[in-house]
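# Topology and contacts: notes
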Amino acid sequence: MKAFLRKEEGFFVLDTDMKILKFGGTSVGSIQSIQTLLNILKTDSVGERPVVVLSAMSGVTNLLISMAEDASNGKDFTVDLAELERRHFEVVKSLLEIQNQNPALTRLKINFNQLEELLQGILALRELTPKTRDMVLGFGERCSTLMISKIAAQYFPAVFVDASEIIKTDSAFGNAKVNMELTEQLVRGFYNENSGKMLFVTGFIASNDAGQITTLGRGGSDYTAAILGSALNVEEIQIWTDVNGMMTADPRLVKKAFSLPELTYTEAMELSYFGAKVIYPPTMIPAFLKKIPIVIKNTFEPQFEGTVIRHDCKASNLPIKGISTINNISILNLEGSGMVGKSGFSGRLFSLLAREQINIILITQSSSEHSITFAVQPAEAEKAKTLIEQEFELELLANKLEQPEIESNLAVLAVVGENMKQTPGVSGKLFHALGRNGVNVRAIAQGSSEYNISVIISSHDLAKALNAVHDAFFIQLTKTLHAFCLGTGNIGKTLFKQLNAHSEFLQQNNGIQVKVAGISNTRKMVFNADGISLDTWEDDLQASDEKADLNEFIQRMKSMNLPNCVFIDNTASPTPIAFYEEAFKSNISVVTCNKIGNSAAYSQYRNFHDTARRHGVDFFYETNVGAGLPIIRTLKDLMNSGDRVRRIEAILSGTISFIFNNFKGDANFHDVVKTAQEKGYTEPDPRDDLSGKDFMRKILILARDAGYPMEEADVEIENMLPKACLDAQSVDEFYAALKAEDAFFAKLKNTAEAEGKVLRYIGKLDNGKASITLQMVDENHPFFTLSGSDNIISFTTDRYKERPLVVKGPGAGAEVTAAGVFADLINVGAN
């Protein structure tokens, strides 16, 4: 180990390449974790003789508090004391050689006897003062450090150090302020006297000038490490905990959260202040002032690099470093004309709260100075309100101030990063992610440094907001869509098959992950927020105890409150249509192959589109018109780019295309229709296709998307079916009637063939008039060569006047329809 003196502000100070290693409660909480700790100390990476700072064993501090409070309330504490003694003795007997156990056990027993005497005094007086509380809490670190120093002495020249002898504070028990000048002198002196030895120092505790035990408050053991590091000018301070460094978000709420390799001191402080509990901000200050790197490491995964908090971070291409949160806060709103232009009002307000030890988490004020909003812990909200009412009693009576209002069940979400200062659009991306997922922002705060943007939202929306914002900013990760799928027929099954087969491609090439969070058919439904396996979804649905209930399905979808949520309607039923508006108002996008919603009353069509737009979600229905063909998207692109549609001609029934393309030669019309149904080309009732009803819906949707407010009655339909077929009471009766009308259809076929023509069922939209007619077309017509189940559509527009824009391809079948739904779903993910 290298060590030398250098002059600093008139003093000679020690400068070393040594390290401070601080181990938290979980790192010293069990026999196994202490063995891991010792193995870490044996590695070369920690240096030759590090200074080791230790917390109390996990759970011990809470146990000490419980015993002290029990004693002050006249309750028995001996069971807990016996448990405390057992835990420490068990470690000694497991990890210390027998011949060395007695001295360690004796020293520990003395500590436990002193603790018992102290607790008996509290019990007798029925009083627990802050001073006595600090004395009780100090036993946690003293016992763990003594125990581990004795075990470590088997491998290193170890010395137990009671930090109360070298760290001096004032007498603010519970959160004492350190006398840094005196402390640094004592630390350096003690270190020099014990040169060449490995020091094991108690974290958290110190003492005042009278030698009475004090504690350093929250994060006290980290603070001890920083104080020692500053005094000794060490190479780095390592904080060993039970997580892989500081992460982009709370991994309990965001499964995609990942460890950050490095942070600046400012970024680490901002993240820690807003809930990242790996390190407490004030504990970094001594290291920050000396520019000593702090490394957050995982005791249980020591090979992981962890996070380095340093002064000189490398340039990062990330606009933000992390997203931090504080759940369960309250805000107070104070407003009134008496605040406008009133100098000193804010100072008066916040001095009052500071005087009463009320911590302000966040403050925001309107530019008009008419209102101030600030956030506090819920337990302090009523107290703060009462203090404000007392302090500003005259202003309230004169109606210059409104009565203070408390809002509860809120949370703070903060995006943090030094790059935010030079990256335009960070705020826009944040609020777009929140708005698209229906997360209402109650208040906003941003400092002039631009290192942090904080928003206050409902606690209920916290997990959804956190995941949505994380997906938005960390583009190297996949964006997760949560799909709720209605219908498990041919299209539904095929969609699941396609999603399963292309999941890896989607993640690698589109940056999108689709989790199917809910599935329902007419019998059962099943839910899983983490995603239903698309390998076993049929078994999972069959095994579900939940009976299908569409209203309950929608309510569960809403209550799960997942980010980037999509409702997929793969049915042909009118029932789900009634829930589209509710989905939009819950900021849930809708993807549907169900034509009924867009082809019913025009007022409903308009309402769906307007509601989706108002709530910033998508309403995609490409498959309403041409299965997987890009017809709706092509039309919208033409319209959005300023082109005007003059005429549309189309064959938009893949079913009728298939039927007439196969109705030739000796073919029987009844058999061709039956084959079409068996191949999945027709609706459940083929009359929806053959009556022109289904085709009419498609032309109507196109007309509306082209800007014409048309109703169903405005579409003229030439019916190709005889009345007996239309009047049949069931599908079976329809087929019987169809067979009986064979001569009617044979005549149509024979007439066309005799003239060298083919039968085509053609829809047309021209100057706001829509019609569908059965025509015989010759080889000069562009629709003559249509084959299979293909659809074809031609757009004549201002730009495509001489040669219409033509889209042609398969227009029916589960594969292409499911592919169209798939494409719509991915387009939701792209927004």
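For the structure itself, look to the data block above.
As the structure is a computational prediction, the values presented were derived from the model and not from experiment.

### A look at the state of the cysteines
- Tallying each qualifying case throughout the model produces zero disulfides.
- For the unlinked cysteine C593, the closest cysteine sulfur is that of C485, found at 11 Å.
- Given a relative accessible area of 9%, C593 falls into the buried group.

### Brief notes about the pairing of strand β18 (residues 452-458)
- Where burial is concerned, most of β18 is hidden: six out of the seven residues are buried.
- Relative to β18, strand β16 (residues 405-416) runs antiparallel, the two sharing seven bridges. Across the sheet, L410 pairs through a bridge with S458, a residue of β18.
- Bridge analysis of strand β17 (residues 443-446) against β18 gives four bridges, and the strand direction is antiparallel. The partner of A443 across the bridge, within β18, is I456.

### Looking at the packing of aromatic side chains
- On inspection of all chains with the given rule, the structure shows 24 aromatic pairs.
- Between F584 and F619, the ring centres sit 5.3 Å apart and the planes meet at 70 degrees, which makes this aromatic pair edge-to-face. Linking F584 in helix α19 (residues 580-585) with F619 in strand β24 (residues 619-620), this pair joins segments that are 35 residues apart in sequence.
- Here F619 falls in the buried class, since its relative accessible area comes to 6%.
- Between the aromatic rings of F619 and Y621, the centroid separation amounts to 5.0 Å while the plane-to-plane angle is 50 degrees, which identifies the pairing as tilted. Of the two residues examined, F619 and Y621, each falls in the buried class.

### Here's the deal with the pattern of salt bridges
- For the structure on display, the rule yields 36 salt bridges.
- Across the salt bridge formed by E649 and R647, the nearest N and O atoms sit 3.9 Å from each other.
- E649 gets classed as partly exposed once you look at its relative accessible area, which sits at 24%.
- Across the salt bridge formed by R687 and D685, the nearest N and O atoms sit 3.0 Å from each other.
- Of the residues examined, R687 reaches a relative accessible area of 10% and is grouped as buried.

### Points about the packing of helix α2 (residues 60-72) against helix α5 (residues 130-152)
- α5 packs onto α2 with a crossing angle of 150 degrees between their chain directions and a minimal axis gap of 9 Å. Judged by the angle between their axes, α2 and α5 are roughly antiparallel. Remark: the crossing between α2 and α5 carries right-handed chirality. Contacts from V60, T61, L64, I65, A68 and E69 of α2 reach α5 at R133, V136, L137, F139, G140 and E141.
- Tallied by class, residues from the contact of α2 with α5 come to seven nonpolar, two polar and three charged.

### What to know about helix α4 (residues 98-125)
- Its 28 residues place the ends of α4 41 Å apart at the C-alpha level, agreeing with the 40 Å of an ideal helix rising 1.5 Å per residue.
- Those residues of α4 that fall on the buried side of the exposure criterion are Q101, A104, L105, L108, N111, F112, L115, L118, L119 and I122.
- Buried residues belonging to α4 abut α2, α3 (78-95) and α5.
- Directly beyond the C-terminal end of α4, a positive phi value near 55 degrees is found at R126.

### Thoughts on empty space enclosed by the protein
- One pass over the structure, following the stated rule, counts three cavities of 30 Å³ or more.
- Computed from the structure, the largest cavity encloses a volume of approximately 70 Å³.
- For the largest cavity, the full set of lining residues is R436, N437, K479, L481, N564, C565, N587, S589, V617, V828 and N831.
- When grouped by side-chain class, the residues that make up the lining of the largest cavity number four nonpolar, five polar and two charged.
- What the second largest cavity holds in volume is close to 50 Å³.
- Along its surface, the second largest cavity is lined by V51, V161, I166, V187, F190, Y191, L199, V201, L228 and L232.
- Put simply, the parts of the chain that give the lining of the second largest cavity at least two residues each are α6 (180-193), β6 (198-202) and α7 (220-232).

### Overview of the layout of surface pockets
- Approximately 1,000 Å³ is the volume found for the second largest pocket.
- Considering the residues around the second largest pocket, the lining is formed by 44 residues, among which I491, N570, T571, A572 and E683 are closest to the centre.
- At the level of elements, α15 (490-501), α22 (623-626), α24 (654-662), α26 (687-690), α27 (693-705) and α31 (814-830) are the ones that each hand at least two residues to the lining of the second largest pocket.
- By residue number, the principal contributor to the lining of the second largest pocket is α27, which donates three residues.

### Looking at a nonpolar patch on the surface
- Taken together, I285, F288 and L289 make up a surface patch of nonpolar side chains, about 290 Å² in accessible area.
- Inspection of the secondary structure assignment puts F288 in helix α9 (residues 285-290).

Procedures and definitions
Residues numbered from 1 in each chain as written. Predicted model: local features only at pLDDT ≥ 70, side-chain atom pairs only at ≥ 80, totals over all residues. Heavy atoms only, no water. Disulfide = S-S within 2.5 Å. Buried < 20%, exposed > 50% of the residue type's maximum accessible area, 1.4 Å probe, protein only. Helix = DSSP H or I, 4+ residues; strand = E, 2+ residues; numbered from the N terminus. Pairing = 2+ DSSP bridges. Phe/Tyr/Trp six-rings, centres within 6.5 Å; stacked < 30°, edge-to-face > 60°. Salt bridge = Lys/Arg side-chain N within 4 Å of Asp/Glu carboxyl O. Axes fitted to C-alpha atoms, helices over the stretch in contact; angles between N-to-C directions. Parallel < 35°, antiparallel > 145°, perpendicular 65-115°, else oblique. Left-handed = near helix turned anticlockwise from the far one by under 90°. Contact = heavy atoms within 4.5 Å. Nonpolar A, V, L, I, M, F, W, Y, C, P; charged D, E, K, R; others polar. Expected span 1.5 Å × (residues − 1). 1 Å grid on protein atoms, 1.4 Å probe; cavity = no way out; pocket = protein on both sides within 12 Å on 5 of 7 lines; lining within 4 Å. Points joined across faces, edges and corners; volume = space filled by probe spheres on them. Patch = residues over 30% accessible without salt bridge, like charges linked within 9 Å, V, L, I, M, F, W, Y side chains within 5 Å. Areas by Shrake-Rupley, 256 points an atom, 1.4 Å probe, with all protein chains shown as cover.

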